[in-house]
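# An overview of the molecular structure
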Amino acid sequence: MRALPILLLSLFCAGALAAPPKKAPARPAAAQEAPAAAAPAAAHAPSAEEDKGREINGVCAACHGEFGQGGKRGEYPRLAGQRAAYLKDQLKSFRARKRINLPMYPYTQERELPDEDIEAVSEFLAAIQLPTKPPEFKDSDDALTRLLAMDKVMIIPRVEGDIENGKKVYQKECFACHGRTGRGRGKFPMLVGQYSNYLKKQVDAYLKGERPHDEEGTTGILNRITEKDIQDILAYLTTLQDIETAEAK
Ligand code: HEC
Ligand code: HEC
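Residues numbered from 1 in each chain as written. Chains lettered and ligands numbered in written order. Predicted model: local features only at pLDDT ≥ 70, side-chain atom pairs only at ≥ 80, totals over all residues.

Another aspect to go through is unusual backbone geometry. If you check the backbone angles, lysine 72 has positive phi at about 45° while not being a glycine. Here lysine 72 lies in the loop between α3 (48-64) and α4 (84-95). Despite not being glycine, arginine 73 has its phi angle at roughly 50°, a positive value. (Helix = DSSP H or I, 4+ residues; strand = E, 2+ residues; numbered from the N terminus.)

And the structure:
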């Protein structure tokens, strides 16, 4: 018990060090004030549940971005379009400290983020679609409309690697859980459209035993393929971004 204050203190310090970036400087003031206009294209009126999810996401946005697009080149992962069941799982394991995440620890405590909030924010984020191509604008679209729409376009840059080999290994070893086109399935996460360096960091954590991957733990699939295969898979995943998501859901 004696150790607790020290633990809390060190958590606090770590949290302070990883404090969220104050403001995205590139965004014009008007865009900051108009989150409603930038909400995921919803033809229907937002439900109470959606409003709640959007409100909770206001806290997450400081790090993960207003549309869940992530930030700082993958230091903060993308959450938009991720499987809802997976998001809920991860938030619960951050809260239970089964997955260690110091920056997020204070935000995931029961008092800050009860189960019903996890539910709402996960469904909200999972429903956000980020296009991989700029939209076609109408002549009548003004500059702000264009800017906001362009802000949501998300393309992960290609990475070095042997795409053919990446495809071969991925379609043999990973597709069963992460889906043919990398969109995930059930509670298995989407990998396509996620920052490559974030994915690499997770693979490293799995290999070091800091985060369990599949049910086989440290003898699972990631431990049985080479480092080059991993790199090639990351390269291959960046080539799948334009493929429609029909298969995934
Ligand atoms: C202070 C910054 C910060 C805030 C605020 C924050 N996060 Fe995070 N979050 C992170 C970091 C950093 C990671 C990546 C941790 C890692 O590398 O393992 C992360 C990871 C995640 C993941 C795991 C993603 C994956 O692909 O496995 C989820 C889910 C998540 N955050 C949801 C949220 C939600 C929901 C909120 C708001 C309630 C939130 N975060 C608030 C910093 C933050
Ligand atoms: C048996 C099912 C299964 C297979 C096969 C599998 N994975 Fe996973 N993968 C998972 C699960 C489950 C998670 C989430 C683990 C957790 O809860 O932390 C995951 C998470 C990941 C993540 C982290 C995603 C994130 O957003 O943090 C990466 C990266 C990953 N897998 C890569 C791979 C690669 C590459 C392969 C093939 C070589 C592969 N996986 C094969 C089940 C699988």
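Around ligand 2 sit 21 residues in total, of which Cys174, Cys177, Leu199, Gln202 and Asp214 are the nearest. Contributions of two or more residues to the shell around ligand 2 are made by α8 (175-178) and α9 (196-207). For the shell around ligand 2, the residue count by class is 12 nonpolar, 4 polar and 5 charged. (Near = placed C-beta within 6 Å. Nonpolar A, V, L, I, M, F, W, Y, C, P; charged D, E, K, R; others polar.)

This paragraph deals with the environment of valine 153. Looking at where valine 153 falls in the secondary structure, it is placed in the loop between α6 (143-151) and α7 (163-173). Residue valine 153 is classed as partly exposed on the basis of its C-beta count, with 13 C-beta atoms lying within 10 Å. Between the C-alpha atom of valine 153 and that of glutamine 69, which follows or precedes it by 84 residues, the distance is 9.2 Å. Leave out the neighbours within four places in its chain, and valine 153 touches Pro131, Thr132, Lys133 and Pro134. (Buried ≥ 20, exposed ≤ 12 C-beta atoms within 10 Å, placed from the backbone. Contact = placed C-beta atoms within 7 Å.)

Our next topic: the confidence of the model for the chain. Residue-level pLDDT values for the chain average 83, and 80% of them are 70 or greater. Low pLDDT, under 50, characterises residues 1-42; the stretch is placed with 24 contacts to residues that sit more than four places away or in other chains. Throughout residues 245-249 the model reports pLDDT below 50, and contacts reaching past four residues in sequence, or to other chains, amount to 10 contacts. (pLDDT = per-residue confidence, 0-100.)

Ala80, Leu87, Leu91, Val121 and Leu125 are the most contacted members of the largest nonpolar core, which totals 19 residues. The set of elements that each furnish at least two residues to this core consists of α3, α4 and α5 (115-126). Top element by residues in this core is α5. It accounts for 6 residues. Excluding anything up to four places from it in sequence, leucine 125 contacts Asn57, Gly68, Leu79, Ala80, Gln82 and Leu87. By size, the runner-up hydrophobic cluster in this structure holds 14 residues, among which are Leu199, Leu234, Ala235 and Tyr236. (Core = buried A, V, L, I, M, F, W, Y, C linked by C-beta atoms within 7 Å.)

Bringing helix α10 (residues 227-237) into the picture now. Within the sequence span of α10, burial applies to Asp232, Ile233, Leu234, Ala235, Tyr236 and Leu237. The inward-facing, buried residues of α10 contact α7 and α9.

Now for the packing of α7 against α10. Each pair of packed helices can be described by the angle between their axes along with the distance between the axes. Running from N to C, α7 and α10 point in directions that differ by 100°, and their axes come no closer than 7 Å. Judged on the interaxial angle alone, α10 and α7 are roughly perpendicular. Residues Ile163, Asn165, Gly166, Lys167, Val169 and Tyr170 of α7 pack against Asp229, Asp232, Ile233, Ala235 and Tyr236 of α10. Within the contact of α7 with α10, the residues separate by chemical class into 6 nonpolar, 2 polar and 3 charged. (Axes fitted to C-alpha atoms, helices over the stretch in contact; angles between N-to-C directions. Parallel < 35°, antiparallel > 145°, perpendicular 65-115°, else oblique.)

The environment of ligand 1 is made up of 23 residues, and the closest members are Cys60, Cys63, Gln90, Pro103 and Met104. Of all the secondary-structure elements, those providing two or more residues to the shell around ligand 1 are α3 and α4. Counting residues per element, the shell around ligand 1 draws most heavily on α3, which supplies 6 residues.

What follows is about α3. Helix length check: α3, at 17 residues, gives a terminal C-alpha distance of 23 Å against a target of 24 Å (1.5 Å per residue), a fit within 8%. Against the buried residues of α3 lie α5. (Expected span 1.5 Å × (residues − 1).)

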